[in-house]
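# Architecture and fold: a report
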Amino acid sequence: MAEIRIRNTNELITGEENVRDFLNQFEVIYEHWDTSKLPAHLQENFALTDEHKAEILAIFDTEIKELVERRGYRTWDVITLSEATPNIEELLAKFEQIHTHTEDEIRVIAAGAGTFVIKGGDDIGYFDVNLLPGDLISVPENTVHFFTLTDERKVVAIRLFVEENGWIAHPYEDASFQKA
Ligand SMILES: CSCCC(=O)C(=O)O
Ligand SMILES: [Fe+2]
Ligand code: NI
């Protein structure tokens, strides 16, 4: 289950209901998918072929279609980041830049772990949303955020987009932000 760490106060938020209530204030949805549906060869595999990515999307077809119906997503993909990813440093450098998207997007952790750092109001500041397998969050349009890996440096994530052309980030300059 996901956990939240508020950077300014170091407050930790745990427990499904607390996490959901906290995130819902920012119109971030928090849901959970059953990753035990994935066969063993996809649960701890961070060097996925295109066939494996298609297999993951097929396994979660019902969940994806439900989000499409409910929230209007139009494209989706699977991304994996690990030491086996040839351009991991380049990709991670892009994801770790503070940015926004002009559409609502969904991220689901299929394997490994990842952290979305989201900017709340001026009072709350940035908070870390630490995600484990099955955790789903939305990143609402124009929400300031970035993504980073945990010390394990391994993730498989499903992403859903409203726009046809997938991941487009708009850099956000935040002079007051200090990397932890
Ligand atoms: C785990 S998804 C990679 C990061 C990303 O898509 C984002 O920051 O928008
Ligand atoms: Fe993003
Ligand atoms: Ni396979």
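Quick caveat, the model's predicted, so the values are computed rather than measured.

A word on the sheet that holds strand 11 (residues 155-161). Read across the sheet, 5 strands follow the order 3-9-6-11-4 without closing on themselves; strand pairing throughout is antiparallel. What marks the edges here is a single partner per strand, and that holds for strand 3 (30-32) and strand 4 (75-81). Mean inter-strand twist for the sheet, computed between neighbouring axes without regard to direction, equals 25°. Bridge count between strand 3 and strand 9 (residues 135-139): 3 bridges; the pairing is antiparallel. Residue pairing across strands places Tyr-30 opposite Ile-137, the latter belonging to strand 9. Against the sheet, helix 4 (residues 61-71) makes contact with strand 3, strand 4, strand 6 (105-112), strand 9 and strand 11, and its axis sits at roughly 130° relative to strand 4, the strand it touches most. In the packing of helix 5 (residues 88-95) onto the sheet, contacts are made with strand 4 and strand 11, and the angle to strand 4 comes to roughly 120°.

With that settled, the discussion passes to the coordination of the nickel ion (ligand 3). Coordination of the nickel ion (ligand 3) by the protein involves His-41 (NE2) and Glu-55 (OE), with metal-donor separations of 2.2 to 2.5 Å. Remark: Glu-55 occurs in helix 3 (residues 50-59) and His-41 occurs in helix 2 (residues 40-43); sequence separation between them is 14 residues.

This brings us to the UniProt feature "site: Important to generate the dianion" (unreviewed entry) in the protein chain. Under the UniProt annotation, "site: Important to generate the dianion" (unreviewed entry) lies at Arg-107. Mapped onto the secondary structure, Arg-107 falls in strand 6. According to the relative accessible area criterion, Arg-107 is buried, its value standing at 5%. With residues near it in sequence (within four places) discarded, Arg-107 still touches His-101, Phe-116, Asp-135, Leu-136, Ile-137, Ile-158, Arg-159, Leu-160, Phe-161 and Trp-167. Reaching out from Arg-107, the side chain makes a polar contact with the side chain of Glu-105 at a distance of 2.4 Å.

Before going further, it helps to examine the site of ligand 1. Residues in close proximity to ligand 1 include Phe-95, His-99, His-101, Arg-107, Phe-116, His-145, Phe-147, Ala-157, Arg-159 and Trp-167, which together make up its full environment. One of the side-chain nitrogen or oxygen atoms of Arg-107 is found 2.8 Å away from an oxygen atom of ligand 1. With respect to ligand 1, the side chain of Trp-167 contributes an N or O atom lying 2.7 Å from an oxygen atom. Contact with the protein chains hides 100% of the accessible area of ligand 1, taken as 300 Å² for the molecule alone. Of all the secondary-structure elements, those providing two or more residues to the shell around ligand 1 are strand 10 (145-148) and strand 11. In terms of residue class, the shell around ligand 1 is made up of 5 nonpolar, 3 polar and 2 charged.

In this structure's numbering, the residues bearing the UniProt feature "binding site: Fe(2+)" (unreviewed entry) are His-99, His-101, Glu-105 and His-145. Maximum C-alpha separation among the annotated residues is 13.0 Å over a sequence range of 47 residues, consistent with a single clustered spot. Given the relative accessible area of 1%, His-101 is considered buried. Contact partners of His-101, with chain neighbours within four places excluded, come to Arg-107, Val-139, Glu-141, Asn-142, His-145, Trp-167, Ile-168, Ala-169 and His-170. Looking at where Glu-105 falls in the secondary structure, it is placed in strand 6. Its relative accessible area of 0% is what places Glu-105 among the buried residues. Residues contacting Glu-105, with those up to four places away along its chain left out, are Tyr-73, Ile-137, Ser-138, Val-139, Leu-160, Phe-161, Gly-166 and Trp-167.

Analysis parameters
- Residues numbered from 1 in each chain as written.
- Chains lettered and ligands numbered in written order.
- Predicted model: local features only at pLDDT ≥ 70, side-chain atom pairs only at ≥ 80, totals over all residues.
- Heavy atoms only, no water.
- Pairing = 2+ DSSP bridges.
- Helix = DSSP H or I, 4+ residues; strand = E, 2+ residues; numbered from the N terminus.
- Axes fitted to C-alpha atoms, helices over the stretch in contact; angles between N-to-C directions.
- Contact = heavy atoms within 4.5 Å.
- Donors = N, O, S within 2.8 Å, 3.2 Å for Na, K, Ca; no water.
- UniProt positions renumbered as here; feature names shortened; annotations may be inferred.
- Buried < 20%, exposed > 50% of the residue type's maximum accessible area, 1.4 Å probe, protein only.
- Polar contact = N/O pair within 3.5 Å; in protein donor to acceptor, adjacent residues only side chain to side chain.
- Near = heavy atom within 4 Å.
- Areas by Shrake-Rupley, 256 points an atom, 1.4 Å probe, with all protein chains shown as cover.
- Nonpolar A, V, L, I, M, F, W, Y, C, P; charged D, E, K, R; others polar.

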